[in-house]
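Report on the structure
Given next are the chains, with one letter for each unit.
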2 protein chains.
Amino acid sequence: MVRFFVAPETLQSHALVLSGENARHARALRLKEQEQLLLCDGQGQECLCQVVETSPDITLSVLERRPSRTEPAVEVRVYMAYPKADKLEHVIQKATELGAYEVVAFPSSRCISRPDEKSLKKKLERWQKIAISAAEQSGRGRIPQVTLLDSFSQALAHASTADRALLFYENEDAFTLKMALEGSYRSVSLMVGPEGGLEPSEVLQAREAGLRVCTLGKRILRCETAPLCALSAVMYDAGEF
Amino acid sequence: MVRFFVAPETLQSHALVLSGENARHARALRLKEQEQLLLCDGQGQECLCQVVETSPDITLSVLERRPSRTEPAVEVRVYMAYPKADKLEHVIQKATELGAYEVVAFPSSRCISRPDEKSLKKKLERWQKIAISAAEQSGRGRIPQVTLLDSFSQALAHASTADRALLFYENEDAFTLKMALEGSYRSVSLMVGPEGGLEPSEVLQAREAGLRVCTLGKRILRCETAPLCALSAVMYDAGEF
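Below is a short write-up of the structure. These numbers were taken from a predicted model, which means no experiment stands behind them.

**Looking at the packing of aromatic side chains**
Summed over all chains, the structure comprises 7 aromatic pairs over all chains. Taken together, a centroid distance of 6.5 Å and an interplanar angle of 85° make the contact between Tyr236 of chain A and Tyr236 of chain B edge-to-face. Here Tyr236 of chain A, found in helix H7 (residues 225–237), pairs with Tyr236 of chain B, found in helix H7 (residues 226–237), and the two come from separate chains. Seen from their ring centres, Tyr236 of chain B and Phe241 of chain B are 5.8 Å apart, and the 55° between their planes marks the pair as tilted.

See the structure below:
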């Protein structure tokens, strides 16, 4: 079924009219009267609607308001130290498809790429758009927020509030993700360092902040592969597929 | 530890001398006498070696011959219908990091990209190089073979020999990967269709060939995301991390 993201307040009204980009998109798809579609607020709520008329405006009647049926029950946040080039874009796109709740980027001491304040504002807009587009394509009911933090300590404080707060580190070889996920959990933080890895002192700092340090196996994963591998495994473990 | 891939017959000899690209690479790394390194045959066997001298040639003594310590116990093969653009390259690189045993590409009826015989030979060389390079970087003991098959039926015959032969299909919503992996297994085939999906008749054909049709959850994954998500989950399920 076709789905559009609309502003949350739009979903509250009784007479729904598609506007702007959504209207253009709906016309391109040649939506017809009687056809059903989904309007999502991007925050986990959706309306099943039916097209009432297509001219002059595309107006809809609401058949059912309901929580999104495609959101995972577990909230997984991906924490990634700024990587080089367009790797963060890749991770935002894929993590959105895979069901992430939020993607958080932060600087760490070995980050080669550290965008300045001015370019960050523009980049954040771009990154959030990537999340929106991936959410539409994959049928998400929620658009994952892209959050930028100023420091590693902020990232640790943010990550540590989850039921399972995990840091993946290439020098850990005994404590596995499976061990970390034993028992039940509703929220998980998955943190990875940049290309050059984290400093041992940063790993210590993470432990002190309450993160568990885990391995993702005997092979060295690239910094953009590790969070997506872990996210896939967590969704599997949580019974999503 | 530094690792080099060498021809399997090289590993049999007692006096090991680095040559060609490996010698150049070793000089660039300024390897010193006494230093240890790993020579891998790319088929799961490796030699722990020590540098004896660095001039005029880099000669090595063998300390230990052993099976590679970084290979997963489970053999997972990824089967992918030819996707558009460079998505197959992406999947080859990431699947290698994630521990795949082999990556197999094949045509299916909705494939938009169908490389001709002549360009395929060149592309196969390029794809195999991507696997070699990813195997080196991720510390694999085996270089996954990239295999090109001529037809969907060949791919089904090839895939169906595994202990678990699975096809991921967006219209399946009940039978999960977790159900498919119950019990023990030593080999798994993971098959995905192209961007436009498989034809219903192809899905039927796959069932008849013995593949189980599975879901990867309620979100629609892109054709390049699905096999990597499934591969990560299988490695997790098999106890790799």
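**Considering helix H3 (residues 117–138) of chain B**
Residue and element names in this part refer to chain B. End to end, H3 covers 31 Å across 22 residues, agreeing with the expected 32 Å (1.5 Å per residue, within 8%). Three or more residues of H3 are buried, namely Leu120, Trp127, Ile130, Ala131, Ala134, Ala135 and Ser138. Of the surrounding elements, those touching the buried residues of H3 are strand E1 (3–5), helix H2 (87–97) and strand E8 (145–148). Capping the start of H3, Asp116 holds a side-chain oxygen 3.1 Å from the backbone nitrogen of Lys118, two or three residues further along. Directly after H3, the chain includes Gly139, whose backbone phi takes a positive value near 80°.

**Brief notes about the sheet that holds strand E1 (residues 3–5) of chain A**
Read across the sheet, 5 strands follow the order E1-E3-E4-E5-E2 (chain A) without closing on themselves; strand pairing throughout is mixed. Unpaired on one side and paired on the other, E1 and strand E2 (16–17) of chain A mark the two borders of the sheet.

**Observations concerning the packing of H2 of chain B against H3 of chain B**
All names here are of chain B. Across the interface, H2 lies against H3 with an axial gap of 8 Å and an inter-helix angle of 30°. Judged by the inter-axis angle, H2 sits roughly parallel to H3. The interaxial crossing formed by H2 with H3 has right-handed handedness. Here Leu88, Glu89, Ile92, Gln93, Thr96 and Glu97 of H2 come into contact with H3, specifically with Arg126, Trp127, Ile130, Ala131, Ala134, Ala135 and Ser138. For the contact of H2 with H3, the per-class residue count stands at 7 nonpolar, 3 polar and 3 charged.

**Observations regarding the interface of chain A and chain B**
The interface of chain A with chain B comprises 36 residues on the first partner and 36 residues on the second. Regarding the contact of chain A and chain B, the summed buried area is about 3300 Å², with carbon and sulfur atoms giving 53% of it. Per-residue buried area on chain A facing chain B is highest for Arg219, Tyr236 and Phe241 of chain A; these three make up 27% of the total on that side. Inspection of the chain A/chain B interface yields 6 salt bridges. When the shortest N-O distance is used, the salt bridge between Glu97 of chain B and Arg222 of chain A registers 3.4 Å. For the pair chain A and chain B, the interface holds 22 residue pairs in polar contact (both at pLDDT 80 or more).

About the thresholds
Residues numbered from 1 in each chain as written. Chains lettered and ligands numbered in written order. Predicted model: local features only at pLDDT ≥ 70, side-chain atom pairs only at ≥ 80, totals over all residues. Heavy atoms only, no water. Phe/Tyr/Trp six-rings, centres within 6.5 Å; stacked < 30°, edge-to-face > 60°. Helix = DSSP H or I, 4+ residues; strand = E, 2+ residues; numbered from the N terminus. Expected span 1.5 Å × (residues − 1). Buried < 20%, exposed > 50% of the residue type's maximum accessible area, 1.4 Å probe, protein only. Contact = heavy atoms within 4.5 Å. Polar contact = N/O pair within 3.5 Å; in protein donor to acceptor, adjacent residues only side chain to side chain. Pairing = 2+ DSSP bridges. Axes fitted to C-alpha atoms, helices over the stretch in contact; angles between N-to-C directions. Parallel < 35°, antiparallel > 145°, perpendicular 65-115°, else oblique. Left-handed = near helix turned anticlockwise from the far one by under 90°. Nonpolar A, V, L, I, M, F, W, Y, C, P; charged D, E, K, R; others polar. Buried area = accessible area lost by both parts, 1.4 Å probe. Salt bridge = Lys/Arg side-chain N within 4 Å of Asp/Glu carboxyl O.

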